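# Structural description and commentary
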Amino acid sequence: MLTDTIKAFKEYQKKMAAYHYAAGVMYVDGTTAAPASSYKARGAALKELSGISYQLSVSQELRDMLKELMEHKDELDFVTMREAEEMTESLERMSKIPQEEFVAYSVLTSESEHIWAKAKNTNDYAAFRPYLEKIIETKRRFSGYTDPGVPVMDALLDHYEKGLNTKILDEYFANVKEKLVPIILAIGKKGQKPEYPFMNAYYPIEKQREFSQYLMDVLTIDKERCQMAETEHPYTSGLNLDDVRLTTHFYEDSFTNNMFTMIHEGGHAIYELGSDRSLADSSLAGGAAMSIHESQSRFFENMIGRSKEFCEFVFPKLCELFPEQLLGYTANDLYLAVNRAEPSLIRIEADELTYSLHIMVRYELEKQLIEGSLSTYDLPEAWNAKMKEYLGVDVPDDAHGVLQDVHWGGGMIGYFPSYSLGSAYAAQMYACMEKDIDVSSSVRKGDLKPIIDWLGERIHKHGQLYKPGEIIEKACGGEFDPKFYCDYLAKKYSEIYEL
């Protein structure tokens, strides 16, 4: 009977989610608390878990269930229908990759991230390069299995957002470059920018940890379901609806690095925690796409965290924790300092205006790597050249250059454009939200609940029930338009720099 199949299908998803949960916990532990030498044992354990997950993903039992469900598609409720659609697509893709290669790739990326962290800390690109080479080779081979005839980069982009390809992105980045570079140049012509020494004062890490917990409270993050940890490169992992891990990194000479990391990763956490409870342990839990996920993190980091209203709200707390460092400064000084537009080396420290240029560098380089027109041996030199061309900065070493991001080490080739698209989506969501609620008033009071409720109703609760384009239309009442992003940045920075 169909009802029996549906029940078995739901239970099967729970089993798959359990293995995903176990592997996820091991990953988080490996990047936060595990001993340095544990990576080999962890890799071996992940190899076993990956093998089991693979078998579950392509088993005949699952095939039979999906076949029956899809034959009775019109009789299914919407959630079950979407689960069946997504898992059918996933099964077809997964079954094309030989199990031994899938498992080997899981081990490779686990080891690669460990080697990347060591290489970054010792400025040793040569140690990391062979792992990156293997990852690129694997990506090409897997793409040949799953998407024969499709350009590899298009297949990788589609993995992170259905329908995305290089043609769309090339046009998008050309548009952003055309609209934003003149503003960046105009700001540069303004001459010497104000200095804010408090930005690089000494900020005790223990006090920064206290401030991080405060920010979680302001963001209304449920600490019974989400915890903070520390790692080399911050991320958020939504293990399930009741276990979300948010990570950060502290620098004694930069409290804003952690401040905006917490707000950014907090946006991811809010999204993960906001999925409807009916999607728990299903293939539809979590974000609709990486770009939609990034829209939430960039929304909170930039539209909220870098706003004048938020700076005014949070400044008294900062003065309470760091009275000597902030003596003589005002909330407006904080606002101007965190919105200073100036080309920089490090992506995660970049201002809103120049941020997408950092993404362009990475997108263009990974395209060339995948296409084979750029060798991993020549990558650092190519990186340095593009940073000079697009941002006018000189890269002092690989630790501050090609090794600064974990993404390629983790196999996330095609992910970087999500950051820029997410920023653009966030700007459009912000413009639409302002029609319904008084955003400025809420932020000034530190009451973010109306904002989170608006996002929760239109975006978070849906999980992966809808495709990215459908999410944008539900939230904004129309298709994606990058004009909102360019207009938002032009207005904000024209006011700050009196252009």
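Remember, predicted model here, so these are calculated numbers, not experimental data.

When helices and strands are tallied, the protein shows 20 helices and three strands. The C-alpha atoms of the protein give 23 Å as radius of gyration, which agrees with the globular expectation for 499 residues (23 Å, within 12%). About 21,300 Å² of surface is accessible on the protein, with carbon and sulfur atoms providing 51% of the total. Charged side chains in the protein number 54 positive and 80 negative. The centres of these two groups are separated by 1 Å.

Bringing the side chain of H407 into the picture now. Here H407 is to be found in the loop between α15 (379-391) and α16 (417-433). The exposure class assigned to H407 is buried, which follows from its relative accessible area of 3%. A distance of 2.5 Å separates polar atoms of two side chains, one belonging to H407 and the other to Y419. In this structure, H407 is in contact with H233, R347, M412, Y415, F416 and Y419, ignoring residues within four places of it in sequence.

What follows is about the pattern of salt bridges. Across all of its chains, the model carries 38 salt bridges by this definition. When the shortest N-O distance is used, the salt bridge between K449 and D453 registers 2.7 Å. One end of the pair, K449, and the other, D453, are both in helix α18 (residues 449-458), four residues apart, so they sit about a helical turn from each other. Here D453 falls in the partly exposed class, since its relative accessible area comes to 41%. When the shortest N-O distance is used, the salt bridge between K461 and E457 registers 2.7 Å. For K461, a relative accessible area of 29% gives the class partly exposed.

As a further point, take unusual backbone geometry. With a phi close to 60°, T220 is a non-glycine residue in the positive phi region. Within the secondary structure, T220 sits in the loop between α9 (205-218) and β1 (226-230). For T220, a relative accessible area of 43% puts it in the partly exposed group.

Bridge count for strand β2 (residues 236-240) against strand β3 (residues 243-248) is four bridges, and the pairing is antiparallel. Bridging across to β3, T236 finds its partner in L246. Where β2 hands over to β3, the hairpin turn is made up of two residues, counted between the paired strands.

Calculation criteria
- Residues numbered from 1 in each chain as written.
- Predicted model: local features only at pLDDT ≥ 70, side-chain atom pairs only at ≥ 80, totals over all residues.
- Heavy atoms only, no water.
- Helix = DSSP H or I, 4+ residues; strand = E, 2+ residues; numbered from the N terminus.
- Rg over C-alpha atoms; globule rule 2.2 N^0.38 Å.
- Areas by Shrake-Rupley, 256 points an atom, 1.4 Å probe, with all protein chains shown as cover.
- Lys, Arg positive; Asp, Glu negative; His and termini not counted.
- Charge placed at Lys NZ, Arg CZ, Asp CG, Glu CD.
- Buried < 20%, exposed > 50% of the residue type's maximum accessible area, 1.4 Å probe, protein only.
- Polar contact = N/O pair within 3.5 Å; in protein donor to acceptor, adjacent residues only side chain to side chain.
- Contact = heavy atoms within 4.5 Å.
- Salt bridge = Lys/Arg side-chain N within 4 Å of Asp/Glu carboxyl O.
- Pairing = 2+ DSSP bridges.

Purely geometric numbers; function is a separate question.
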